[in-house]
Amino acid sequence: MNANVDTTALNRPVTRQTFDEVLVPTYAPAAMVPVRGAGLDLWDQAGKHYLDFTSGIAVAALGHCNPVVVEALTRQANTLWHLGNGYTNEPVLRLGLALTEATFADRAFFCNSGAEANEAALKLARKYAHAKFGPQKSRIVSCYQSFHGRTLFTVSVGGQSKYTEGFEPLPPSIDHIVYNDIASARAAIGDDVCAVIVEPLQGEGGVVPGDKAFLQELRDLCNKTGALLIFDEVQSGMGRTGYLFNYMAYDIIPDVLTSAKALGNGFPVAAMLTTHELAATLNVGSHGTTYGGNPMAATVALTVLETINQPAFLARVKEAGGKLRSTMEKLVGDYPQVFQLVRGAGLLLGLVVTDAWKGRSKDIQKAAEANGMMVLIAGMDVVRLAPALIVSDQQIAEADRILRKSLDDLLKA
Ligand SMILES: Cc1ncc(COP(=O)(O)O)c(C=O)c1O
């Protein structure tokens, strides 16, 4: 390291307490601070080991510090980091080719987060409708309980009012329908709608899979009214359900698809995918971002995509998902006082608590953490499991053991 860099600043001791002192309190992180990871293994500052069934909220799909991704990132870090949009770069061109070859899409726009990808998709829909039909076609339809990000536009489109309270005035012309309710969709989607945005598998909203008939109805209504169908696959995509993208499981093709999270395995990168015709709407100067698709992000995303989009890899995700599901169904059956059902797809599962345990998913999360396992919640009534896609059968068995021990601890207390 350069002798002029003050390494004491880089290595100064910090604790969980430091979070409360210097970070804006938007989160309430766990009491322990993870410092090192490998695959599904994590260690905290005290050296305690955890089995990670969160993968950083469905992000580190290939596991922490995956050697193939580390090698690609390191190689690119020693080659070229960043250019800005006045120049393109080889990794982003290769990533664009790979993503469009692997999906329905002809064109890709790269940015840095799921919210930004959705923001781009929504702006595209507005601009396309303005140009083709006129400014009256501006309404956006989304689902209650959906989550699409935290920018003012995406949080307003999202269907959880707790995330918009206090941020008013919100952007107008956004309506919400009941997820998986065809009548609600028919009532809301008319000629003034420019976009319908939906998660084919609702993640944050409680791990709720979309019904095929509902998603097909949205497709049909969009065809009828000229609205664009946007699939938000930020959480459900990149192999999580055993398909590269979840739309492939339904065989329903959206007009626009957004991807983030696992696309970069933890390196910030996101994509909005669409067709030639729609992409033409976002002409030069109409949208952009400084970092989107920079050589570092594109190299990581391409490496992740090439690893996940292999028949054997996706077949194993389906197999592991089936194993995790049957294991959790057995667990739920053995703890009927706590859980009522398992839902989800592939390696994104939600364990739904009973009425008696309503509001207590965080208690289960904390008990698991005490026993050396990290799990997510999806609201206060659902424990969410989203292990890395490389999870082994032995790790699934270990997760089962730890969860049972944690439930026993809670029931004893
Ligand atoms: C379905 C979905 N869309 C969008 C987002 C927002 O992504 P980001 O936090 O990268 O902005 C999330 C994050 O949880 C998500 O689950």
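Residue positions are counted from 1 within each chain, in the order its sequence is given. The predicted nature of this model means local features are confined to residues of pLDDT at least 70 and side-chain atom pairs, given and counted, to a pLDDT of 80 or more, with totals for whole chains, interfaces and linings taken over all residues. Derived side-chain values reflect all non-hydrogen atoms in the structure, with water molecules and hydrogen atoms excluded from consideration.

A look at the packing of aromatic side chains
Okay, so step 1: By convention, a stacked pair of Phe, Tyr or Trp rings (six-membered ring in the case of Trp) has centres within 6.5 Å and planes under 30 degrees apart, an edge-to-face pair has planes over 60 apart, and any other such pair is tilted. Under the criterion given, the structure shown has three aromatic pairs.
Okay, so step 2: Between Y179 and F214, the ring centres sit 5.7 Å apart and the planes meet at 70°, which makes this aromatic pair edge-to-face. Of this pair, Y179 sits in the loop between β6 (174-177) and α8 (182-188) while F214 sits in helix α9 (residues 212-225), placing them 35 residues apart in sequence.
Okay, so step 3: If you follow R150 out to its NZ or CZ, it ends over the ring of Y163, 4.1 Å from the centre.
Okay, so step 4: A positively charged side chain is recorded as over a ring if its NZ (Lys) or CZ (Arg) lies within 6 Å of the ring centre. The angle to the ring normal must also be within 35 degrees. Across from the ring centre of Y243, 4.3 Å away, lies the NZ or CZ of K318, which sits over that ring. Helix and strand definitions here come from DSSP, where helices need a minimum of 4 consecutive H or I residues and strands a minimum of 2 consecutive E residues; each element is numbered from the N-terminal end.

A short note on the site of the ligand
Okay, so step 1: Close to the ligand lie 13 residues; G114, A115, D232, Q235 and K261 are nearest.
Okay, so step 2: N or O atoms within 3.5 Å of each other form a polar contact, as long as, within protein, one can give a hydrogen and the other can take it, and as long as residues adjacent in sequence are counted only when both atoms are side-chain atoms. Between an oxygen atom of the ligand and a main-chain N or O atom of A115, the distance comes to 2.8 Å.
Okay, so step 3: Contact distances for the ligand include 3.4 Å between an oxygen atom and a side-chain N or O atom of E204.
Okay, so step 4: With three residues, helix α6 (residues 114-133) is the single largest residue contributor to the shell around the ligand.
Okay, so step 5: Under the scheme applied, nonpolar residues are Ala, Val, Leu, Ile, Met, Phe, Trp, Tyr, Cys and Pro; charged residues are Asp, Glu, Lys and Arg; polar residues are all the others, including Gly. For the shell around the ligand, the per-class residue count stands at three nonpolar, six polar and four charged. Definition of nearness: a residue and a molecule or strand are near each other if at least one heavy atom of the residue lies within 4 Å of the molecule or strand.

Quick word on a nonpolar patch on the surface
Okay, so step 1: Together, L80, L83 and Y87 give the surface a local cluster of nonpolar side chains, amounting to about 290 Å² of exposed area.
Okay, so step 2: With respect to the secondary-structure elements, L80 resides in the loop between α4 (67-77) and α5 (90-102). Like charges are joined within 9 Å and nonpolar side chains (Val, Leu, Ile, Met, Phe, Trp, Tyr) within 5 Å, but only among residues with over 30% relative accessible area and no salt bridge; these make up the patches. Only the protein chains shown count as covering a residue, and every accessible area follows the Shrake-Rupley method with a 1.4 Å probe. What makes a salt bridge here is a side-chain nitrogen of Lys or Arg within 4 Å of a carboxyl oxygen of Asp or Glu, nothing more.

A few points about the domain arrangement of the chain
Okay, so step 1: Each domain's limits were defined by an automated method or a database of domain assignments. Parsing the chain into structural domains produces domain 1 (8-65 + 311-412) and domain 2 (69-308).
Okay, so step 2: The straight-line distance from the C-alpha centre of domain 1 to that of domain 2 is 26 Å.
Okay, so step 3: At the junction of the two partners, domain 1 supplies 29 residues and domain 2 supplies 24 residues.
Okay, so step 4: Carbon and sulfur atoms make up 63% of the area that domain 1 and domain 2 hide from each other, which totals about 2200 Å².
Okay, so step 5: When residues of domain 1 are sorted by the area they lose upon contact with domain 2, V59, L62 and L348 head the list and together hold 25% of the total.
Okay, so step 6: There are one salt bridge connecting domain 1 and domain 2.
Okay, so step 7: Between R384 and E204 there is a salt bridge, with the nearest N and O atoms lying 2.9 Å from each other.
Okay, so step 8: Inspection of the region where domain 1 meets domain 2 yields twelve residue pairs in polar contact (both at pLDDT 80 or more).
Okay, so step 9: Sort the elements by how many residues they give to the side of domain 1 that touches domain 2 and helix α13 (residues 311-334) lands first, with four residues.
Okay, so step 10: Here the residues of the side of domain 1 that touches domain 2 sort into 20 nonpolar, six polar and three charged. The contact criterion used is simple: two residues touch if any of their non-hydrogen atoms lie within 4.5 Å. Note: buried area is the sum, over both parts, of the accessible area (probe 1.4 Å) each one loses when the two are combined.

Some details on the pattern of salt bridges
Between side chains of opposite charge, a pair can form as their charged atoms come close.
Okay, so step 1: The full count for this structure, using the stated rule, is 20 salt bridges.
Okay, so step 2: The partner of R316 in a salt bridge is D393, and the shortest N-O contact between them spans 2.9 Å. Separated by 77 residues along the polypeptide, R316 in helix α13 and D393 in helix α15 (residues 393-412) bring together distant segments of the chain.
Okay, so step 3: Per-residue accessibility, obtained with a 1.4 Å probe over protein chains only, is compared with the maximum for each type, and a residue is labelled buried under 20%, exposed over 50%, and partly exposed between these values. Among the residues examined, R316 registers a relative accessible area of 23% and is labelled partly exposed.
Okay, so step 4: Residues D363 and R360 are paired through a salt bridge, measuring 2.7 Å at the closest nitrogen-oxygen approach.
Okay, so step 5: Each of R316, E319, K323 and D393 takes part in salt bridges that share partners, so that together they form one network.

Comments concerning the side chain of Q365
Okay, so step 1: Relative to the helices and strands, Q365 resides in helix α14 (residues 361-370).
Okay, so step 2: Filtering out sequence-adjacent residues up to four positions away, Q365 remains in contact with V375, L376 and I377.

Details of the sheet that holds strand β16 (residues 376-377)
Okay, so step 1: Note on pairing: DSSP must find at least two bridges between two strands before they are called paired. Taken in spatial order, the four strands of this open sheet run β13-β14-β17-β16, and their pairing is antiparallel. Here the strands that pair on one side only, and so sit at the sheet edges, are β13 (339-345) and β16.
Okay, so step 2: For β16 and strand β17 (residues 382-385), the ladder comprises two bridges, and the chain directions are antiparallel. Its bridge partner lying in β17, L376 is registered against R384.

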